[in-house]
Amino acid sequence: MRLFALLLIAVIAAGPLVPPVVHAAEEVVIYSARHYGQEKAFDAFTKKTGIQIKLLNGDTGQLFERLKAEGDKTPADVLLTVDAGNLWNAARAGLLAPVDSPELQKSIPAHLRDPQNRWFGLTMRARTIMYNTKKVNPAQLSTYEALGDPRWKGRLCLRSSGYIYNQSLLATMIKRHGEAKTEEVVRGWVANQPVIISGDTKILEAIAAGQCDVGITNTYYLARQLAKDPSFPVAPFFANQATTGTHVNISGAGVTAHARNRANAIKLLEFLASPEAQQMFADTSQEYPANPKAEVHPVVKAWGSFKQDDINVATAGEFQAAATRLADRVGYK
Ligand SMILES: [Fe+2]
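Definitions and cut-offs
- Residues numbered from 1 in each chain as written.
- Predicted model: local features only at pLDDT ≥ 70, side-chain atom pairs only at ≥ 80, totals over all residues.
- Heavy atoms only, no water.
- Helix = DSSP H or I, 4+ residues; strand = E, 2+ residues; numbered from the N terminus.
- Buried < 20%, exposed > 50% of the residue type's maximum accessible area, 1.4 Å probe, protein only.
- Lys, Arg positive; Asp, Glu negative; His and termini not counted.
- Charge placed at Lys NZ, Arg CZ, Asp CG, Glu CD.
- Donors = N, O, S within 2.8 Å, 3.2 Å for Na, K, Ca; no water.
- Tetrahedral: all angles 85-135°; square planar, octahedral: opposite > 155°, others 65-115°.
- Disulfide = S-S within 2.5 Å.
- Phe/Tyr/Trp six-rings, centres within 6.5 Å; stacked < 30°, edge-to-face > 60°.
- Lys NZ or Arg CZ within 6 Å of the ring centre and 35° of its normal.
- Axes fitted to C-alpha atoms, helices over the stretch in contact; angles between N-to-C directions.
- Parallel < 35°, antiparallel > 145°, perpendicular 65-115°, else oblique.
- Left-handed = near helix turned anticlockwise from the far one by under 90°.
- Contact = heavy atoms within 4.5 Å.
- Nonpolar A, V, L, I, M, F, W, Y, C, P; charged D, E, K, R; others polar.

## Side note on the overall build of the chain
And then number 1: From N to C terminus, the chain includes 14 helices and 11 strands.
And then number 2: Here the chain, with 333 residues, has 55% of them falling under the buried criterion.
And then number 3: Charge centroids of the chain, computed over 37 positive and 31 negative side chains, lie 2 Å from each other.

## Let's talk about the coordination of the iron ion
And then number 1: Those donors, Tyr36 (OH), Tyr165 (OH), Tyr220 (OH) and Tyr221 (OH), are the protein atoms that reach the iron ion, and they lie 1.8 to 2.1 Å from it.
And then number 2: In this structure, the iron ion is surrounded by four donor atoms whose angles at the metal cover 93 to 137°, and the resulting shape is irregular.
And then number 3: In the primary sequence, the donor residues of the iron ion line up as Y-x128-Y-x54-Y-Y. Within this pair, whereas tyrosine 165 is found in helix α6 (residues 164–177), its partner tyrosine 221 is found in helix α9 (residues 219–228), the two being separated by 56 residues in sequence.
And then number 4: Under the relative-accessibility criterion, tyrosine 165 is labelled buried at 2%.

## Remarks on the state of the cysteines
And then number 1: Going through the model one piece at a time under the given rule, you end up with one disulfide.
And then number 2: Two residues, cysteine 157 and cysteine 212, share a disulfide whose sulfurs are 1.9 Å apart. Across the S-S bond of cysteine 157 and cysteine 212 the torsion is about -100°, and the bridge reads as left-handed. One end of the pair, cysteine 157, is in strand β6 (residues 156–158); the other, cysteine 212, is in the loop between α8 (200–208) and β8 (214–218), with 55 residues separating them in the sequence.
And then number 3: Residue classification places cysteine 157 among the buried positions, given a relative accessible area of 0%.
And then number 4: Assessed through its relative accessible area of 1%, cysteine 212 is described here as buried.

## As for the packing of aromatic side chains
And then number 1: One pass over the full model with this rule turns up seven aromatic pairs.
And then number 2: Considering the side-chain rings of tyrosine 220 and tyrosine 221, the 4.3 Å spacing of their centres and the 40° angle between planes classify their relative orientation as tilted.
And then number 3: Linked through ring pairs, Tyr36, Tyr220 and Tyr221 together constitute an aromatic cluster.
And then number 4: The ring of tyrosine 163 is capped by arginine 159, whose NZ or CZ atom sits 3.6 Å from the centre of that ring.

## A few points about the packing of α8 against α9
And then number 1: Relative orientation of the contacting elements α8 and α9 amounts to 60°, with a least axis distance of 9 Å. When the axis of α8 is compared with that of α9, the two are oblique. Where α8 crosses over α9, the two elements pack in a sense that is right-handed. Residues Asp200, Thr201, Leu204 and Glu205 of α8 form the contact with α9, whose participating residues are Tyr221, Leu222 and Gln225.
And then number 2: Among the residues making up the contact of α8 with α9, the classes are represented as three nonpolar, two polar and two charged.

Everything listed here is a matter of geometry and, on its own, says nothing about what the molecule does.
Shown next, in the form of structure tokens:
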């Protein structure tokens, strides 16, 4: 009360009675289904701008349903998640609004963001062939398609087809080769009786343990193993270098359709795409920075550079349903 009285006196003393402008705390609310250590970049953003970040973590499905149910009452300003297929689904459901930012367009290569500017890749990962360095001569490897060669019978580990990372890989193959050819390829994989394993890290462990000799996983899972144990006997083989390039995907973010802090949300995305924040992503999660101005992690650098499939990652969403149907048809569990 006393403080209020003093303030009132101060306002009156200041002259004409204008109500004082009260600013709500500057903030951005993020719904995040990305679990790969982005806190450092968030802290740097708050330090730089004074804008506080409020974070709600969850899995993609939960956060998607929550955003839908909350509608225009949602407190979320930003949706952050993994896989272009998930971002594509959120955009199609009307949960994300386009952002016209020349800075984001400059920072993020065109194939790693939505052509309609509703989401932007922040990190990139390759999903490629992994092999046991003691058992496999990499000269025997070439393409995803060639994993259907009988030579790999009983030697292949795959994640289930229901997992979005693999749906996105199949979706890209469908876009590249058509359904008939892709179906033939996946029939080849299935004929090789792959061991289905629920997790990329578990696949890498199975390859290292000799349960299988080759598999397909995202690159950062291997980088993490190698950072812990440089003698881990698995190496990446960048698939399809002589043809379409290796399949890449993103983690990324978009501004929600009903963001209350839209300007701050855009500022956050611009910061996360800047070389400074991109370096933090690359250093802590061992993914590839989406912005080529940041450096890759030393473990990743040792693998050398590779040709990416530069098809727009939105393909992962566009052909997701077709990929699921195809996997069902050929009995890829
Ligand atoms: Fe992952």
